[in-house]
Structure formats: C-alpha cells, structure tokens
Amino acid sequence: MMFKTHLMFGILLSIFFAKAFAVEHIFLFVLVGAFFAIFPDIDFHKSKIGQKTKPFSWMINFFLGHRGLIHSLLLAFAFFLLFVVLFGETYGAAVLIGYFSHIFLDSFTKKGTRPLWPLTTRLSGILKGNSIIDYFLFFLFLVGVILILI
Ligand SMILES: [Zn+2]
C-alpha cells in the first residue's frame, strides 16, 4: 500500500476513536496514531519513511526483512506497553490503532503480512501497491477524514 493510503487510514481511525472516547488532546492522539500507521514500513528502505531513515532502515531490512518483526503484533504490543508506561494508556491506544491500521491494510496485499510473527501464518489478498484500488482507498479515507471533521 502507498504511504499516503496508510497515513490517511491511520488519521481517519485515530480521529474516529479520539472522538468516540472523547480524548482530551485529540491532535496529539492523532499524531501518535498517524505516526504508527506509517512506521512499520521503516523495514523497507524504498518506502517513504525508509528513505528518510536510510542506513537505519537498510539495517532493519537486512537483519529482520520486510514485513517481519516490524510488521508484527508483537512489536505493536511492545510499543503499546512502552507508551502506556511513558505517556499513559490513551496514547498506548493510539499506538495500537495506528499499528493495527497498517497491518490490516497490508493484509489485503498480494505479499500479505505475518501479524503473528515469528509464526509463519500469512494473511494476504489481491491488492497491489500503487494500484488504482490503492488510490481509490486513499481518496475514500480522505473523504472519510473530511466528513468526520465537519
Ligand atoms: Zn507495510
């Protein structure tokens, strides 16, 4: 999936949950959710976030591969716990929303995901990154963000 599709879906879900649970600092909550919606692709040096963090991203890719540990629920929960300890459970929830949104979308791609890493159970679909459906989803999520804000 494209960077912007992940980003927009993360923003949409974060705003939705922030509103549903009347989160006090909605901007911070959405910022954390959006960040973790794009973070997992740091394990691929050609992704947008990977290009911005190059030697680091390359190393992660070399040692852990693309869509391995970094795309797993295990790491999502590790970040969740870290954020709960450091910033409280509200921001821990934002981490999970962002992370889940990323793994969820990637699960519909041909390459799929292994959310239960190190188990090899794979979820995959028929979508391709940068495809017309990817653009369509981006547009759909963008409309969702606009509608939820007005
Ligand atoms: Zn990904």
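On a predicted model such as this, the values are computed, not experimentally measured, just so you know. (Residues numbered from 1 in each chain as written. Predicted model: local features only at pLDDT ≥ 70, side-chain atom pairs only at ≥ 80, totals over all residues. Heavy atoms only, no water.)

Enquirer: Which residues make up unusual backbone geometry, and what values do they have?
Expert: The omega torsion of the bond from Trp 117 to Pro 118 falls at 10 degrees, within 30 degrees of zero and hence cis. Positive phi values are uncommon outside glycine, yet Ala 22 reaches one of about 45 degrees. Mapping Ala 22 onto the fold places it in the loop between helix H1 (3–20) and helix H2 (26–38). Even without being glycine, Asn 130 reaches a positive phi, approximately 60 degrees. (Helix = DSSP H or I, 4+ residues; strand = E, 2+ residues; numbered from the N terminus.)

Enquirer: For the nonpolar core, give the residues involved together with the corresponding values.
Expert: Grouped burial of nonpolar side chains is what soluble globular proteins tend to show. Ranked by internal contacts, the top residues of the largest apolar core, which has 22 residues, are Phe 36, Phe 39 and Tyr 99. Mapped onto this core, the elements with two or more residues apiece are H2, helix H5 (73–87) and helix H6 (89–106). Looking at this core, the element that brings in the most residues is H6, giving seven residues. With residues near it in sequence (within four places) discarded, Phe 36 still touches Phe 79, Phe 83, Val 95, Gly 98, Tyr 99 and His 102. If you look at the next biggest cluster of nonpolar residues, it comprises 16 residues, including Met 1, Met 8, Val 30 and Ile 148. (Core = buried A, V, L, I, M, F, W, Y, C linked by side-chain atoms within 4.5 Å. Buried < 20%, exposed > 50% of the residue type's maximum accessible area, 1.4 Å probe, protein only. Contact = heavy atoms within 4.5 Å.)

Enquirer: Any chance you could break down helix H7 (residues 132–149) for me, citing the residues and the numbers?
Expert: The terminal C-alpha atoms of H7 lie 26 Å apart, and with 18 residues this matches the ideal 26 Å at 1.5 Å per residue to within 8%. When we look at burial in H7, the residues that qualify are Asp 134, Leu 137, Phe 138, Phe 141, Gly 144, Val 145 and Ile 148. Angular distribution of buried residues about the axis of H7 spans 120 degrees; they occupy a single face of the element. Away from the buried face of H7 by more than 90 degrees, exposed residues Ile 132, Phe 139 and Leu 147 are located. Elements that come into contact with the buried residues of H7 comprise H1 and H6. (Expected span 1.5 Å × (residues − 1). Arc of directions from axis to C-beta.)

Enquirer: Please provide a residue-by-residue account of the coordination of the zinc ion, values included.
Expert: On the protein side, the zinc ion has Asp 41 (OD), His 71 (NE2), His 102 (NE2) and Asp 106 (OD) as donor atoms, found 2.0 to 2.2 Å from it. Its four donor atoms give the zinc ion angles of 91 to 171 degrees at the centre, a pattern that matches the irregular case. All donors of the zinc ion belong to a single chain; written as a sequence motif, their spacing is D-x29-H-x30-H-x3-D. You can see His 102 and its partner Asp 106 sitting in helix H6, four residues apart, about one turn around the helix. Given a relative accessible area of 0%, His 102 falls into the buried group. (Donors = N, O, S within 2.8 Å, 3.2 Å for Na, K, Ca; no water. Tetrahedral: all angles 85-135°; square planar, octahedral: opposite > 155°, others 65-115°.)

Enquirer: Please set out the environment of Phe 77 residue by residue, giving values where relevant.
Expert: Here Phe 77 is to be found in helix H5. Taking relative accessible area as the criterion, Phe 77 reaches 39% and is therefore assigned partly exposed. Separated by 52 residues in the primary sequence, Phe 77 and His 25 have C-alpha atoms spaced 22 Å apart. With residues near it in sequence (within four places) discarded, Phe 77 still touches Leu 96 and Phe 100.

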